[in-house]
Amino acid sequence: MALTANMVIALAKVLGGLFTGSPALLSEAAHSVADSLNEVFLLASLRRSKRAPDAAHPFGYGKERYFWSLLAAVGIFVMGGCFSFFQGAEALRSDASESRTGYLAGLAVLCVALLAEGTSLAKALHQVRGQARRAGRGFLAQLRRREDPALRTVLAEDSTAVLGVLTAIVGLSLHMATGSAVWEGWASLCIGALLVYVAYRLGRDAREQLIGEAVDPETRQAVRAHLDGQPEVDTVTALLTMRLGLDSTLLAARIDLVPGLDSEEVEVVSGRIKDSVARRWPTLDRVFLDITDASHEDRVRAGEERAALEGEVGALDGEAGALVGEVGEVGVDGAVGDALPQKQG
């Protein structure tokens, strides 16, 4: 839906920008062209990331989504942001004016673009809310989790597009009212700055996921508590996680079992623990347990890691509490349930 909307909008903006000579409209045209190309990348990522694991990629192709999201961020920066800066600089150096018909044509194109971008944004927001509902967490908590890079990129693009179109409308309107192209120049520069910022945020997220990002602190804390709660487990000395894709996560844990278990019992316990983790967290589909004797240093380090994790979760709960407080001050009914992140387990 986002790709179709952006292709139509890009064509309209290009034709309107060439007809009116509007820098802000041409900047928005570059923005839509960049978005269209990026969505082609994201569609490719959806197909390629679902390929089954093979000998060359035993953990699957889930990280394809992160790679193509990184390319999308680069596309937003180069094709959208840089071209908008160029158009803004050109407009500030000139003082061209346009006929009233040209202004009205440009505004008409931008209004149609605003309607189409708003529809695409509403669809993306509905999809995020559906994911949050299925996961049993709030809308804002779902946005922070960065689980679906393709959807997150589309949501960022559409949000930026709506803001960019509104900025272009203001710049073109002021140009029409004052006769000075400076307003459109500044509008183009603002659009460029907005695109560069969004590209930076998306690129940073994709980088974190490509180099190996852990699952959220709440899930890590719940998994550690689950393992610690097994009667045969004496100590969880290390817990490592890494997202392999949208529905696949690697879990590697080093655990020390209680004394007195023979090799067959250790094998049975290990299988049961893996099964219990898989049932409780279906996305933790790659579970590896390292059964080893814990030294004093291992136990000390495990305690430090546990305390650090509790601090991370506490900080997140504090942020959520502050957010709920702000929502409560403005009197938004029912927002508390959406604002608080729901802990798994």
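Numbering of residues starts from 1 in each chain and follows the order in which that chain's sequence is written. Since the coordinates come from a predicted model, pLDDT governs what is reported: local features require at least 70, and pairs of side-chain atoms require 80 or more to be given and counted, while whole-chain, interface and lining totals use all residues. Side-chain figures throughout are based on the complete set of non-hydrogen atoms in the structure, without hydrogens or water.

Take the confidence of the model for the chain next. The score called pLDDT rates the predictor's confidence residue by residue, from a low of 0 to a high of 100. On average, residues of the chain score 79 in pLDDT, and 86% of them are at 70 or above. Counting from the N terminus, the helices are DSSP H or I runs at least four residues long and the strands are E runs at least two residues long. No element of the chain has a lower mean pLDDT than helix α11 (residues 335-339), at 37, and none a higher one than strand β3 (residues 286-291), at 92. Counting contacts from residues 320-345, a segment whose pLDDT is below 50, to residues more than four positions away or on other chains yields 37 contacts. Residue contacts are counted whenever heavy atoms from the two residues lie within 4.5 Å of one another.

Here we take up the pairing of strand β2 (residues 248-257). Each residue's exposure class comes from its accessible area (1.4 Å probe, protein chains only) as a fraction of the maximum for that residue type: buried when under 20%, exposed when over 50%, partly exposed otherwise. Counting buried positions over the 10 residues of β2 gives 8, a clear majority of the element. When strand β1 (residues 233-245) meets β2, the two strands line up antiparallel, connected through 10 bridges. Counterpart to arginine 243 in the pairing with β2 is threonine 249. Pairs of strands are assigned from DSSP output, requiring at least two bridges between the strands. Inspection of the sheet shows β2 paired to β3 by 6 bridges, in the parallel sense. By the bridge assignment, alanine 253 is partnered in β3 with leucine 289. For crossovers, right-handed means that the path from the first strand over the helix to the second runs clockwise, given strands pointing away from the viewer. In this fold, the crossover linking β2 to β3 by way of helix α9 (residues 263-280) has right-handed handedness.

Moving on, we get to the packing of aromatic side chains. Stacked, edge-to-face and tilted labels apply to pairs of Phe, Tyr and Trp rings (six-membered ring for Trp) whose centres lie within 6.5 Å, assigned for plane angles under 30 degrees, over 60, and everything in between, in that order. One pass over the full model with this rule turns up 1 aromatic pair. Ring geometry for phenylalanine 67 versus tryptophan 68: centroids 5.5 Å apart, planes at 75 degrees, classification edge-to-face. Using a relative accessible area of 37% as the deciding quantity, one classes phenylalanine 67 as partly exposed. Here, over-ring charges are defined by two tests on the NZ atom of lysine or the CZ atom of arginine: distance to the ring centre within 6 Å, and angle to the ring normal within 35 degrees. One residue, arginine 51, lies across the ring of tyrosine 61, its end atom 3.8 Å from the ring centre.

With that settled, consider the packing of helix α3 (residues 64-93) against helix α7 (residues 182-210). Here, axes are lines fitted to C-alpha atoms. For helices the fit covers the stretch in contact, and angles between N-to-C directions go from 0 to 180 degrees. At a closest axis distance of 7 Å, the pairing of α3 and α7 adopts a crossing angle of 165 degrees. Between α3 and α7, the angle is such that the two are roughly antiparallel. Relative to α7, α3 is oriented so that their crossing is left-handed. Under the convention adopted here, Pro, Cys and the residues Ala, Val, Leu, Ile, Met, Phe, Trp and Tyr are nonpolar, Asp, Glu, Lys and Arg are charged, and Gly plus all remaining residues are polar. Of the residues in the contact of α3 with α7, the class split is 21 nonpolar, 11 polar and no charged. Our angle categories are set so that under 35 degrees counts as roughly parallel, over 145 as roughly antiparallel, 65 to 115 as roughly perpendicular, and the remainder as oblique. Note: crossing handedness is left-handed where the near helix turns anticlockwise from the far helix by less than a right angle, and right-handed where it turns clockwise.

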